[in-house]
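Structure assessment
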Amino acid sequence: SSNSAKVIRTTKETIVDVEVDFDKKDKKISSGLDFLDHMIESLAWWACISLGVNVQTVRKLTHTISEDAGITFGQALRAILEKRMNEYGVNGFGSGSAALDEALSTSTIVVEGRRNAFIRFLCEGAKVKVVEDVRSTDLVAFIEGLSQGLGATLHVDLMHGKDPHHVWETAFRAVGLAISGAFQHSEWRKGSTVGVKGIL
């Protein structure tokens, strides 16, 4: 349907099962990395989507888990976006700002088949290398994977904050808000997100 998608992505290192539903449902997120799970949950809540993620691994390689989860999530979102785009049109563009105590981040997403992720570390908390049980590079890998799977240009600015947990949580909240905006109905854009017929 135009409200849900399920994607299973298998590589030599991981099997990632992702379910996305724009209806409110109870789904479980289990990547094997506690902080990544928390970040994905935050993103889903702020995007107003129900999201299930299950990652099975041959080896527990945190970068691979994060990147593959992001790619598979992006592929599921793309499947829904393509259905909505052709059925009734979507914005294909969204942005958002999110705060948590002293931390503030912004994000903008443009879905037009170009795969880019630009992440700027503008505050003290964003420059910490390890957050809870993951490296900051793992969190970057998830966002980059999301961009690849969805076919989107994604900008994320980690602007203010000292606590790395707070900073990254605002970043994932902001990405969720941007996704929510990109999936809003737009009859005027029916058939494309970039103004060129047949090109996503």
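Structure shown above.
Given the structure is predicted, the values throughout are model-derived calculations rather than measurements.

Calculation criteria
- Residues numbered from 1 in each chain as written.
- Predicted model: local features only at pLDDT ≥ 70, side-chain atom pairs only at ≥ 80, totals over all residues.
- Heavy atoms only, no water.
- Pairing = 2+ DSSP bridges.
- Helix = DSSP H or I, 4+ residues; strand = E, 2+ residues; numbered from the N terminus.
- Axes fitted to C-alpha atoms, helices over the stretch in contact; angles between N-to-C directions.
- Contact = heavy atoms within 4.5 Å.
- 1 Å grid on protein atoms, 1.4 Å probe; cavity = no way out; pocket = protein on both sides within 12 Å on 5 of 7 lines; lining within 4 Å.
- Points joined across faces, edges and corners; volume = space filled by probe spheres on them.
- Phe/Tyr/Trp six-rings, centres within 6.5 Å; stacked < 30°, edge-to-face > 60°.
- Buried < 20%, exposed > 50% of the residue type's maximum accessible area, 1.4 Å probe, protein only.
- Patch = residues over 30% accessible without salt bridge, like charges linked within 9 Å, V, L, I, M, F, W, Y side chains within 5 Å.
- Areas by Shrake-Rupley, 256 points an atom, 1.4 Å probe, with all protein chains shown as cover.
- Salt bridge = Lys/Arg side-chain N within 4 Å of Asp/Glu carboxyl O.
- Lys, Arg positive; Asp, Glu negative; His and termini not counted.
- Charge placed at Lys NZ, Arg CZ, Asp CG, Glu CD.
- Expected span 1.5 Å × (residues − 1).
- Polar contact = N/O pair within 3.5 Å; in protein donor to acceptor, adjacent residues only side chain to side chain.
- Parallel < 35°, antiparallel > 145°, perpendicular 65-115°, else oblique.

Attention shifts here to the sheet that holds strand β7 (residues 116–121). Taken together, four strands build an open sheet; the order of strands is β5-β6-β10-β7 and the sheet is mixed. Two strands in the sheet have a free side with no partner beyond their single neighbour: β5 (93–100) and β7. The mean inter-strand angle of the sheet, taken between neighbouring strand axes irrespective of direction, is 10°. Alignment of strand β6 (residues 103–111) against strand β10 (residues 152–160), held across eight bridges, turns out to be antiparallel. Within β10, the position partnered with Val-110 by the bridge is Thr-153. On top of the sheet, helix α4 (residues 164–182) reaches β5, β6, β7 and β10; it is set at about 150° to β5, its chief contact.

Estimates place the volume of the largest pocket at around 290 Å³. Ala-44, Trp-45, Ile-49, Ser-50 and Leu-51 are the residues nearest the centre of the largest pocket, which is lined by 14 residues in total. Elements with a minimum of two residues in the lining of the largest pocket: α1 (34–47) and β4 (50–57). For the lining of the largest pocket, the element with the highest residue contribution is α1, accounting for three residues.

Before going further, it helps to spend a moment on the packing of aromatic side chains. Two aromatic rings are characterised by how far apart their centres lie and by the angle between their planes. On inspection of all chains with the given rule, the structure shows five aromatic pairs. Here Trp-168 and Phe-172 contribute two aromatic rings whose centre-to-centre distance is 6.4 Å and whose plane-to-plane angle is 55°, an arrangement assigned as tilted. Taken together, the positions of Trp-168 and Phe-172, both in helix α4 and four residues apart, correspond to about one turn of that helix. Owing to a relative accessible area of 0%, Phe-172 belongs among the buried residues under this scheme. Every member of this aromatic cluster is reached through a ring pair, and the members are Phe-73, Phe-121, Phe-142, Trp-168 and Phe-172.

Of the two faces of β5, the one holding Gly-94, Gly-96, Ala-98 and Leu-100 is buried and the one holding Phe-93, Ser-95, Ser-97 and Ala-99 is not buried anywhere. Pairing between β5 and β6: eight bridges, direction antiparallel. Each residue of the ladder has a partner; that of Leu-100, found in β6, is Ala-103. Between β5 and β6, which pair antiparallel in sequence order, lie two residues; one of them, Asp-101, sits at a positive phi of approximately 55°.

With mixed pairing, four strands are arranged side by side in an open sheet as β1-β2-β4-β3. Pairing within the sheet leaves two strands with one partner each, and these edge strands are β1 (4–10) and β3 (29–30).

Together, Asp-34, Asp-101, Glu-102, Glu-132, Asp-133 and Asp-163 line one region of the surface with negative charge. Following the sequence through the fold, Asp-133 ends up in the loop between β8 (130–131) and β9 (134–135).

Attention now goes to α4. Working note: α-helix, 3.6 residues per turn, so residues spaced by three or four point in the same direction. Across its 19 residues, α4 extends 27 Å between first and last C-alpha, which sits within 8% of the 27 Å expected from 1.5 Å per residue. The distance from a side-chain oxygen at the start of α4 to the backbone nitrogen of His-165 is 2.8 Å, and the residue carrying that oxygen is Asp-163.

Quick look at the packing of helix α3 (residues 136–150) against α4 now. The N-to-C vectors of α3 and α4 enclose an angle of 5°; their axes lie 12 Å apart at closest approach. In terms of orientation, α3 and α4 fall into the roughly parallel class. Touching Ser-136, Leu-139, Val-140, Phe-142, Ile-143 and Leu-146 of α3 are Trp-168, Phe-172, Val-175 and Ile-179, all from α4.

Turning to its location among the elements, Leu-154 is positioned in strand β10. Ignoring sequence-local partners within four residues, the contact set of Leu-154 consists of Ser-107, Thr-108, Ile-109, Asn-116, Ala-117, Phe-118, Ile-143 and Leu-146.

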